[in-house]
Amino acid sequence: MPDKKSFRDDILDSIEEGLLTVDKSFKVNFFNRAAEQITGYKREEVLGQFCKYVFKCEMCETKCPIGIILETGNGLYDFRSSIEVKDGSRKQVKLNAAILKNGDKDPVGGVISFRDLSELEALKKDLSSTSSFYGIIGHGKEMQEIFKLIQEISDSDTTVLIQGESGTGKELIANAIQATSRRKAEAFVKVNCSVFPENLLASELFGHIKGSFTDAVKDRPGRFEIANEGTIFLDEIAEMPLQTQVQLLRILQEGTFERVGESITRKIDVRVIAATNLDVNEAIKKRKLREDLFYRLNVIPILIPPLRERVEDIPYLVKHFITDYSRLYKKETEDISNESLQLLINYTWPGNVRELENVIEYAVVRSKVTTIEIENLPLNISSSTEANKEIVKEFKRENPSELIQLLEKNKWNKTKVAEELGIGRTTLWRMLKKLEKS
Amino acid sequence: MYIAMYSEMLGNKYFLARNYQGAAQNLQFVLSKNPINKSARKKIIICYTQTGEIEKAFDNFYTLVKEDIHFIIDTDPVADDCPCPDLVAKYGKVYRYEKKSYDLKLMLGMLWLYCDVYKSWEIFDELNSNNDHDFKLKEVLSLIEQNKKSINKNTN
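Just so it is clear, the structure is predicted and the values come from calculations on it, not from any experiment.

K.L.:
Pulling in residues and values, what's your account of the overall build of chain B?
P.N.:
A tally of helices and strands in chain B yields eight helices and zero strands. The order of α-helices and β-strands along chain B, N terminus first, is α-α-α-α-α-α-α-α. In chain B, buried positions account for 37% of the 156 residues. Sequence separation of 24 or more characterises 43% of the internal contacts of chain B that already satisfy a separation of 6 or more.

K.L.:
Describe the overall build of chain A, naming the residues involved and giving the relevant values.
P.N.:
The helix and strand inventory of chain A stands at 20 helices and 18 strands. In chain A, which comprises 438 residues, the share counted as buried stands at 32%. Considering only contacts within chain A whose residues lie at least 6 apart along the sequence, 63% involve residues at least 24 apart.

K.L.:
So what's going on with unusual backbone geometry? Which residues, and what values?
P.N.:
All names here are of chain A. For arginine 287, which is not glycine, the phi dihedral falls at a positive 60 degrees. Its place among the elements puts arginine 287 in the loop between α12 (280-285) and α13 (291-297). Given 9 C-beta atoms within 10 Å, arginine 287 falls into the exposed group.

K.L.:
Describe the sheet that holds strand β2 (residues 28-31) of chain A, naming the residues involved and giving the relevant values.
P.N.:
Residues and elements named next belong to chain A. Reading across the sheet, the five strands line up as β2-β1-β5-β4-β3 and stay open at both edges, with antiparallel pairing between neighbours. Looking at the sheet topology across the chains shown, the edges are occupied by β2 and β3 (76-84). When strand polarity is set aside, the average angle formed by the axes of neighbouring strands in this sheet is 30 degrees. Here strand β4 (residues 90-101) pairs with strand β5 (residues 107-116) via nine bridges, running antiparallel. Across the sheet, residue valine 93 finds its bridge partner in β5, namely aspartate 116.

K.L.:
Please set out the packing of helix α7 (residues 141-152) of chain A against helix α8 (residues 170-180) of chain A residue by residue, giving values where relevant.
P.N.:
Residue and element names in this part refer to chain A. The geometry of α7 relative to α8 is characterised by a closest axis approach of 9 Å and an angle of 35 degrees between their N-to-C directions. For α7 against α8, the interelement crossing comes out right-handed. Here Ile146, Ile150 and Gln151 of α7 come into contact with α8, specifically with Ile173, Ala176, Ile177 and Thr180. Among the residues making up the contact of α7 with α8, the classes are represented as five nonpolar, two polar and no charged.

K.L.:
Which residues make up the sheet that holds strand β15 (residues 271-276) of chain A, and what values go with them?
P.N.:
Backbone-to-backbone hydrogen bonds pair the strands of a sheet. The strands run either parallel or antiparallel. Residue and element names in this part refer to chain A. Pairing within the open sheet is parallel, and its five strands lie in the order β9-β12-β15-β8-β16. Edge strands, defined here as strands with exactly one partner in the open sheet, are β9 (188-192) and β16 (300-303). Strand-to-strand twist across the sheet, computed as the mean angle between neighbouring axes with direction ignored, equals 15 degrees. Direction of pairing for strand β12 (residues 231-235) relative to β15: parallel, over a ladder of four bridges. Paired with threonine 231 across the bridge in β15 is arginine 271.

K.L.:
Please set out the interface of chain A and chain B residue by residue, giving values where relevant.
P.N.:
At the interface, 22 residues of chain A touch 17 residues of chain B. For the side of chain A that touches chain B, the secondary-structure elements that each account for two or more residues are α5 (65-72) and β5 of chain A. No other element matches α5(A), which puts five residues into the side of chain A that touches chain B. Looking at the side of chain A that touches chain B residue by residue, the class counts come to eight nonpolar, five polar and nine charged.

K.L.:
So what's going on with helix α16 (residues 352-366) of chain A? Residues and values would help.
P.N.:
Residues and elements named next belong to chain A. In this model α16 runs 21 Å from its N-terminal to its C-terminal C-alpha over 15 residues, within 8% of the 21 Å that 1.5 Å per residue would give. Turning to α16, its buried residues are Asn352, Val353, Leu356, Val359, Ile360, Ala363 and Val364. The buried residues of α16 all sit within an arc of 130 degrees when viewed along its axis, so they share a single face.

K.L.:
Which residues make up the environment of B:Lys43, and what are the values?
P.N.:
Residues and elements named next belong to chain B. Structurally, lysine 43 is set in helix α3 (residues 38-50). For lysine 43, a count of 26 C-beta atoms within 10 Å puts it in the buried group. Taking the C-alpha atoms as reference, lysine 43 lies 9.8 Å from isoleucine 72; in sequence the two are 29 residues apart. Here lysine 43 is in contact with Phe15, Ala23 and Leu27, once residues within four sequence places are set aside.

K.L.:
So what's going on with the nonpolar core? Residues and values would help.
P.N.:
By size, the foremost hydrophobic cluster in this structure holds 63 residues, and its most contacted members are B:Cys47, B:Met110, B:Leu111 and B:Phe124. A total of eight residues in this core trace back to one element, the largest contributor, which is helix α6 (residues 102-113) of chain B. Contact partners of B:Cys47, with chain neighbours within four places excluded, come to B:Tyr20, B:Ala23, B:Ala24 and B:Leu27. By size, the runner-up hydrophobic cluster in this structure holds 38 residues, among which are A:Met143, A:Cys193, A:Leu248 and A:Ala275.

K.L.:
An account of helix α9 (residues 198-206) of chain A is requested, with residue identities and associated values reported.
P.N.:
Residue and element names in this part refer to chain A. Turning to α9, its buried residues are Leu201, Ala202, Ser203, Leu205 and Phe206. For α9, the elements touching its buried residues are β9, β10 (207-208), α10 (223-226), α11 (242-254) and β13 (256-258). Where α9 terminates, the next one or two residues include glycine 207, which has phi positive at roughly 85 degrees.

K.L.:
Which residues make up the confidence of the model for chain B, and what are the values?
P.N.:
Residues and elements named next belong to chain B. For chain B, per-residue confidence averages 86 on the pLDDT scale, and 87% of positions sit at 70 or higher. Element-level mean pLDDT values for chain B span from 78 in helix α5 (residues 84-95) up to 95 in α3. Model confidence for the complex: the whole-complex pTM is 0.48, and ipTM, which rates the interface, is 0.81.

K.L.:
Would you mind going over the environment of B:Lys56 in detail, with residue names and values included?
P.N.:
Residue and element names in this part refer to chain B. Inspection of the secondary structure puts lysine 56 in helix α4 (residues 54-73). When the 17 C-beta atoms within 10 Å are taken as the criterion, lysine 56 is described as partly exposed. For the pair formed by lysine 56 and isoleucine 44, sequence separation is twelve residues and the distance between their alpha carbons is 9.3 Å.

K.L.:
Any details on the environment of A:Gly140? Residues and values, ideally.
P.N.:
Residues and elements named next belong to chain A. Checked against the element boundaries, glycine 140 lands in the loop between β7 (136-137) and α7. With 15 C-beta atoms counted inside 10 Å, the residue glycine 140 sits in the partly exposed group. Glycine 140 sits 169 residues away from glutamate 309 along the chain, and the two C-alpha atoms are 9.5 Å apart. The contacts of glycine 140, once residues within four sequence positions are left out, are Arg310, Glu312 and Asp313.

Each value, and the rule that gives it
Residues numbered from 1 in each chain as written. Chains lettered and ligands numbered in written order. Predicted model: local features only at pLDDT ≥ 70, side-chain atom pairs only at ≥ 80, totals over all residues. Helix = DSSP H or I, 4+ residues; strand = E, 2+ residues; numbered from the N terminus. Buried ≥ 20, exposed ≤ 12 C-beta atoms within 10 Å, placed from the backbone. Contact = placed C-beta atoms within 7 Å. Pairing = 2+ DSSP bridges. Axes fitted to C-alpha atoms, helices over the stretch in contact; angles between N-to-C directions. Left-handed = near helix turned anticlockwise from the far one by under 90°. Nonpolar A, V, L, I, M, F, W, Y, C, P; charged D, E, K, R; others polar. Expected span 1.5 Å × (residues − 1). Arc of directions from axis to C-beta. Core = buried A, V, L, I, M, F, W, Y, C linked by C-beta atoms within 7 Å. pLDDT = per-residue confidence, 0-100.

Here it is in structure tokens:
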């Protein structure tokens, strides 16, 4: 009679899906033949190793498939990811994962089965040239220029000031700058200056010594010290108190600072990336932002256009978010109807990409079919666009010259006209196009 | 709605991802059920040093060192995926400026024992000379010293 283990291994070796199991420490303890073929590793090279070091899966740190099951209690089916294979290249895979439990229902291991999708992915890549840059989708000229600029400055440690409305993706741009820089392997510390009360921000940034204020029960290094030799991202910089701005200016000029309550001067080497959603000229005028600090920060300015000015990206962003949220909520939604997409293109997006992402998440959650329809969209989107449609119809039907008069009154400033009409610039632009044609 | 169950495996996952807060919560739960789980104790010491709970870290460190100091000393940074070499390198930079910080020294003393018994001894020796009334420090120092000698002998 064949021994049970070898019989089981023979069965698992005969299936075409790669299969591996890990113990509770995430060390690989089984690896079948198909897994060897897909990854190029021999099982003896892999057994006993931590799976994260073998596969270098893009999600190991944040979205480990087995970790997701442990956290959510849901199994994973047809989850897309990519793994690094032995020759150093990456392969797209679709995987299923489950938890192994002992008699007490305690998790004691995990099993992952995976299929190679690399050929299919290569084909898809040829068919659609996506313009994703470190997770940022931008097909338009302005976004492409930003991506180019980020690559051009990758060899320098220059200070960068990112400006853009709320929700345009300033943090993603900062991530891309850090990830392409020489300091990518060093610490990357992020601070939102508006989150901390005025009196605590300096301590958070520069650290403090015990007894320097009531709650300072022990010495504590600040975020700048933690970021030493790396990068710090200071979001909402114009919310920083003026006194702290002076200290930041000194860091930028001399690389020195003192902890709160201490007289020892410390030296630091940190690259600063700052961001704001305010109009900096206004902020300087209103004395919220020091002019000298602005010039120090604004060595490389990056201005992210609002979503309403890059509507060409909306279909790509929509597709991207549908894929993400369908996977997250285990939905079969994979597309959006033309009418719904048109509504999204016509909308003005005051909350920019973040608002679009929320809208798609809402629509995916509500959708019970594979395609998002108008009724799946939030009411504010459909109703505002319905109102816009009425305005357009009215103008077309009754008196298009009124629109021209309105434009002349506002010296052809389309933003002002759109505001006066209570519609988005994109809608106005479409109305003008229609008028041109007629 | 599913409520994530604490488990050693989830603790290990967070530890591998260097999410020390998450790892500490899970390992705490594991230790509440099975306080003698040495593997969980070894990891939770590191987690506590990173969540700012230095006292808790030292209490666990003290009991584990007394019980089986080799369980820490024999750590293989690669095979055990130990973050300590990275952590001592990171905090070592701060340490140069931090002549007076007791907690930082204590943290480095503990972390070094996972990578280099001599460095750990040096730090505990310095801490002990400034706090000679602390019996736990004294005991830890003495245990490290004994093992330092035995390692020396074996090397010779």
